[in-house]
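Close look at the chain arrangement
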Amino acid sequence: MTATIGTRSPVRDSGRRGGFSPLRDLPAVLWLAAVVVVALVHRDVAAPRWLLFHLLLLGAVTHSILVWSQHFSDALLHNAPTAAAYRNRSLRLLLCNGGALLVVVSVLAGQWRPAAVGGAAVALAVGWHSVSLFSQLRRALGSRFACTVRYYIASAAQLPFGLLFGVLMVRGLPDEWHERVLVAHVAVNVLGWMGITVLGTLVTLWPTMLRTRIADGAEQAARRALPVLLTGILLVVAGCLVGLRPLAGGGFLVYAGAVGLLAGPFVSPARTKPPMHFPTWSVAAAVAWLVGLVTVLGIGTVVAPSWMDAHMLAEALTPGLAAGFGAQVLLGALSYLVPVVTGGGPASVRAANVELDRGGALRVAVTNAGVLVFLLPSPSVVKVVVSALVLGALAAFLPLMFRALRAARRARQTPGRSVPPASRRGPAPVAADRPKGQRTGLAATGIALVVLAVSTGVALDPSGLAGVRHASSSDGVAPTGLTTRVEVTAKDMRFTPDTVQVPAGNRLVIALTNTDSSSVHDLVLDSGADSGRLAPGQSAVLDVGVIGRDIEGWCSVVGHRQLGMVFHVHVTGLAQGGTQDGGMPGMTGSDTSEGTVPGLDFAASPGPGFRAHDPVLSPVPPSRVHRRTFRVSDVQAEVAPGVRQQLWTYNGTMPGPTLHGRVGDRFVIRLVNDTTMGHSIDFHAGQTAPDRAMRTLAPGQSLVYRFTARHSGIWLYHCSTMPMSVHIANGMFGAVVIDPPDLPKVAASYLLVQSELYLGAQDGPVDATKVAADKPDAVVFNGYVNQYDDTQLTARVGQRIRIWVLDAGPNRSSAFHVVGGQFDTVFKEGAYLLRRGNPEHGASQVLSLGPAQGGFVELSFHQPGHYPFVSHVMVDAERGAHGIIHVAR
């Protein structure tokens with residue numbers, strides 16, 4: 001049997017109108033373009049991860065499902081739509097896309113009620129679509145593959161529940177319920193609405209794309225698989241609702257097994273005619289990702305020790321489901337379907353296919369290798385570089401689609417254009433086959449690009465010591481031919497043992513194991529031997545070489561050496577005078593790379609293009625539940641004119657993101673460690689047992705930190721990994737502002753976070769020795785020396801402004817003062833010290849704060865001019881804690 005149904009193709013002969021239809025053809029392209037734009041500017045948009053997934057899945061994929069499931073239903077049921085049917089379809093598409101847009105906008109604004117309205121609109125459109133398909137199915141004569149339409153009806157029945165779960169999460173749920181509902185939300189929307197639709201379609205579309213026969217027994221396999229797929233999703237949802245993780249995990253595995261029942265209809269046509277072009281490669285890879293990730297999710301949910309862990313696994317795998325499965329199956333299917341359905345004859349279809357197949361092997365290789373690297377534990381820089389590659393490979397579809405449409409139009413306008421005989425056979429002409437070696441070469445190039453991206457990321461995030469000149473370990477001693485082997489563990493800022501004795505001339509081999517539960521460690525010797533960074537549980541063997549002198553070692557993770565993580569090798573059996581100096585040539589006063597500590601010019605101005613840290617405090621979001629993701633990352637940043645440091649940051653900035661809420665608001669913060677060393681977080685605004693919430697995360701790990709703001713004030717958050725002073729000094733801090741009740745409105749509200757800079761080498765991290773000695777090079781507001789001298793705060797005469805101030809330390813106190821101004825309202829550590837309008841109160845000149853304290857002041861100005869603000873610890877004002885308020889009339 002061929003891939004046609006009777007004499008009809010399920011692709012071409014659907015009774016639908018050919019040519020271009022804006023409402024049918026444009027929304028998916030616009031949603032995909034929005035995905036690309038958000039991916040490029042993701043650092044400047046709220047909730048970029050959520051936004052990317054929903055632009056793709058709720059927007060582009062949902063629209064495409066409505067269009068193409070209707071298309072295939074018409075073909076399989078031999079339905080000829082009326083004009084009224086076309087109008088109804090257009091209304092459904094308007095309702096669906098408008099509702100999806102409302103959901104996206106409302107969630108970003110923290111408004112659950114409009115989000116519920118948008119979700120209801122999408123559910124109504126999909127429900128209407130389902131009823132229409134059911135009506136067609138009942139009216140239709142017998143059709144061999146009518147079961148595919150049942151797949152569409154079954155999948156459409158699930159989306160309203162998935163949307164309901166999403167709206168409930170936006171509105172706010174108790175912690176464990178949120179975790180459970182998110183897992184159910186993923187199962188119903190991705191596996192139910194999208195997965196079942198795709199699997200049902202591919203029973204007939206897959207062999208059509210391959211231009212071969214539908215496998216014998218395909219319809220029977222499809223009938224058997226559908227109830228098992230639905231049972232799997234039902235088990236997942238039931239397990240989530242009743243709190244049984246093994247039941248939910250088993251549901252995922254049942255679903256994966258049901259996909260296995262469809263293996264015959266997929267594998268048999270591929271064996272007859274292997275995939276040769278981008279559409280079939282992309283779809284095949286998408287189905288592989290679906291099966292693999294659902295299996296991993298099932299096993300992981302079964303063995304997860306808590307719903308938090310199951311939730312975190314689902315979140316970690318979602319990028320794979322979105323890009324590996326969702327994006328690839330959508331782009332693969334569109335690359336095949338759009339040229340055929342837009343019509344124009346074989347020459348037009350072939351011309352479009354040639355364009356859409358350009359670089360197909362390269363794009364598929366980059367996408368799948370890149371998604372795999374992204375899902376595996378890797379440094380944040382590697383993930384960023386690889387993500388850019390994958391985005392480029394997927395986004396290439398958009399310009400190629402426009403090229404294809406243009407090529408098809410030209411082919412239609414060229415009369416008498418010859419079409420090779422092969423393109424006249426069957427329902428869908430395809431692009432000319434590339435030579436096998438060329439396809440292999442393109443695929444190899446794609447993999448090589450991903451490997452290069454990984455190498456680039458690693459090069460941008462090096463660890464260990466650079467540029468240190470090392471002395472020989474042997475120091476000219478004749479080797480004995482014997483080897484001394486020692487086993488060393490690294491834990492709790494100590495090496496055990498921390499001292500070993502080695503006979504002169506023996507070779508020393510150290511087997512090092514990091515037995516710490518969360519911290520990354522290494523062992524660097526002054527001879528140049530280096531274990532490399534070891535995550536918890538990892539081991540390495542150092543062949544130090546022949547020992548002829550005493551050797552000193554240490555952990556090079558910043559701050560660990562200062563906390564006592566040192567190692568000593570003592571040589572025995574040398575003649576008097578044979579012991580060499582065990583110093584560390586080339587090392588600076590810190591445990592960072594050798595280099596010149598940059599000089600500070602406090603009178604210098606930032607260069608062109610400098611963008612100051614925005615001091616404006618954003619308004620309180622309307623939602624009473626604040627969900628954010630903090631990603632720990634290492635960044636190279638300028639901290640003073642011409643001075644660059646490697647900072648450890650939350651979301652790439654020092655200070656980190658500001659959280660702003662009211663008393664009673666709930667905060668759910670997901671912390672992800674994308675660096676090569678251990679980090680953590682401690683929110684002073686919450687009252688939480690430190691044991692789990694503030695634990696140190698090893699590279700690649702994540703946690704969810706929850707707290708309710710029960711008291712007003714400005715609260716510090718910071719990394720609590722030891723040495724805590726070093727982590728704070730190198731950028732790991734930020735502010736949580738909880739407004740006091742009935743806080744009056746003001747013309748402007750600013751936020752200043754004071755901290756200290758302890759400069760290491762240029763482009764290097766903090767100097768831990770300076771931190772321990774409390775010798776800062778600069779004291780700054782919002783992370784940069786004197787930045788508000790050039791980018792000044794603004795006010796107008798008579799206007800009241802509020803300035804929130806937090807002293808992040810880690811060591812220095814602050815005495816905040818506005819030169820030429822007086823504070824008539826002072827709020828410090830949860831209480832008003834002065835309040836405007838109280839006749840018993842005078843005014844204040846300084847808000848004094850110790851490290852980790854905060855508050856706000858209010859004032860107005862009677863004259864225009866330039867009013868400096870400083871820390872009145874004058875030595876700090878003179879080394880960077882200085883700015884200007886420009887007051888205009």
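Residues numbered from 1 in each chain as written. Predicted model: local features only at pLDDT ≥ 70, side-chain atom pairs only at ≥ 80, totals over all residues. Heavy atoms only, no water.

Regarding the overall build of the chain
For the chain, the count of helices and strands is 21 helices and 27 strands. Across the 889 residues that make up the chain, the buried fraction comes to 55%. Sequence separation of 24 or more characterises 77% of the internal contacts of the chain that already satisfy a separation of 6 or more. Per element, the accessible surface of the chain, about 35,200 Å² overall, is 59% carbon and sulfur. (Helix = DSSP H or I, 4+ residues; strand = E, 2+ residues; numbered from the N terminus. Buried < 20%, exposed > 50% of the residue type's maximum accessible area, 1.4 Å probe, protein only. Contact = heavy atoms within 4.5 Å. Areas by Shrake-Rupley, 256 points an atom, 1.4 Å probe, with all protein chains shown as cover.)

A look at the confidence of the model for the chain
Here the chain shows a mean pLDDT of 84. Residues at 70 or above account for 88%. Here residues 1–9 is a poorly scored stretch, pLDDT under 50, and it has 22 contacts once near neighbours within four places are set aside; other chains count. Within the model, the stretch residues 418–428 combines pLDDT values under 50 with 19 contacts to residues more than four positions away or in other chains. (pLDDT = per-residue confidence, 0-100.)

Concerning the side chain of N786
Considering the arrangement of structural elements, one finds N786 in the loop between strand 18 (778–781) and helix 20 (787–790). A relative accessible area of 8% means that N786 is categorised as buried. Apart from residues lying up to four places away in sequence, N786 is in contact with F602, G880, A881 and H882.

As for the sheet that holds strand 14 (residues 702–708)
The mixed open sheet is built from four strands, whose spatial order is 10-9-12-14. Each edge of the open sheet carries a strand with a single partner, namely strand 10 (643–650) and strand 14. Averaged over all pairs of adjacent strands, the angle between strand axes in this sheet comes to 25 degrees, irrespective of strand direction. Together, strand 12 (666–673) and strand 14 form the strand contacts of helix 11 (residues 307–342), whose direction differs from that of strand 14 by roughly 120 degrees. (Pairing = 2+ DSSP bridges. Axes fitted to C-alpha atoms, helices over the stretch in contact; angles between N-to-C directions.)

What about the sheet that holds strand 11 (residues 659–662)?
In spatial order, the strands read 11-16-15-13; together these four strands make up an open sheet with mixed pairing. Each having just a single partner strand, strand 11 and strand 13 (682–683) make up the two edges of the open sheet. Both strand 15 (residues 713–718) and strand 16 (residues 733–739) contribute to a ladder of six bridges, which runs antiparallel. Within the sheet, the bridge partner assigned to W715 lies in strand 16 and is V736.

Digging into unusual backbone geometry
Cis geometry marks the peptide bond from M722 to P723; its omega dihedral reads -5 degrees. Of the consecutive residues G809 and P810, the connecting peptide bond is found in the cis state with omega at 20 degrees. Along the polypeptide, P810 turns up in the loop between strand 20 (800–809) and strand 21 (814–818). The phi dihedral of R211 is positive, around 60 degrees, even though this residue is not glycine.

Section: the packing of helix 2 (residues 48–76) against helix 11
Running from N to C, helix 2 and helix 11 cross one another at 35 degrees; their axes reach a closest spacing of 10 Å. Considering how the two elements wind past one another, helix 2 and helix 11 form a crossing that is left-handed. Here R49, F53, L56, A60, V61, S64, W68, H71 and F72 of helix 2 lie close against helix 11, whose contacting residues are E315, A316, T318, P319, A322, G326, A327, L330, L334, L337, V338 and V341. Of the residues in the contact of helix 2 with helix 11, the class split is 15 nonpolar, four polar and two charged. (Left-handed = near helix turned anticlockwise from the far one by under 90°. Nonpolar A, V, L, I, M, F, W, Y, C, P; charged D, E, K, R; others polar.)

Remarks on the environment of P399
By secondary structure assignment, the location of P399 is in helix 15 (residues 397–412). Residues P399 and L356, spaced 43 residues apart in sequence, show a C-alpha to C-alpha distance of 9.3 Å.

Focus: the pairing of strand 7 (residues 551–554)
Residue alternation in strand 7 divides its side chains into two sets, I551 and G553 and E552 and W554, and both sets are buried. Inspection of the sheet shows strand 5 (residues 524–525) paired to strand 7 by two bridges, in the antiparallel sense. Residue pairing for strand 7: V524 is matched across the bridge by W554. By the bridge criterion, four bridges tie strand 7 to strand 8 (residues 566–572) in an arrangement that is antiparallel. The partner of E552 across the bridge, within strand 8, is H568.

Considering helix 12 (residues 346–356)
Across the eleven residues that make up helix 12, a large majority, eight, are buried. Restricting attention to buried positions, one finds in helix 12 the residues A347, S348, V349, A351, A352, N353, E355 and L356. In this fold, the buried residues of helix 12 make contact with helix 10 (278–303), helix 11, helix 13 (360–375) and helix 15.

Details of a positive patch on the surface
Side chains of R406, R409, R410 and R412 sit close together on the surface and give a patch of like positive charge. On the secondary structure map, R412 appears in helix 15. The class of R412 is partly exposed, set by a relative accessible area of 43%. (Patch = residues over 30% accessible without salt bridge, like charges linked within 9 Å, V, L, I, M, F, W, Y side chains within 5 Å. Salt bridge = Lys/Arg side-chain N within 4 Å of Asp/Glu carboxyl O. Lys, Arg positive; Asp, Glu negative; His and termini not counted. Charge placed at Lys NZ, Arg CZ, Asp CG, Glu CD.)

Describing the pattern of salt bridges
Side chains bearing opposite charge may pair, as long as their charged atoms lie close to each other. Under the criterion given, the structure shown has 18 salt bridges. R403 is the partner of E355 in a salt bridge, and the nearest nitrogen-oxygen pair spans 2.8 Å. Residue E355 is located in helix 12, and its partner R403 is located in helix 15; the two are separated by 48 residues in the primary sequence. A residue is classified by how much of its surface remains accessible, and R403, at 34% relative accessible area, is partly exposed. Linked through salt bridges whose partners overlap, the residues forming this network are R800, R802, D824 and E858.

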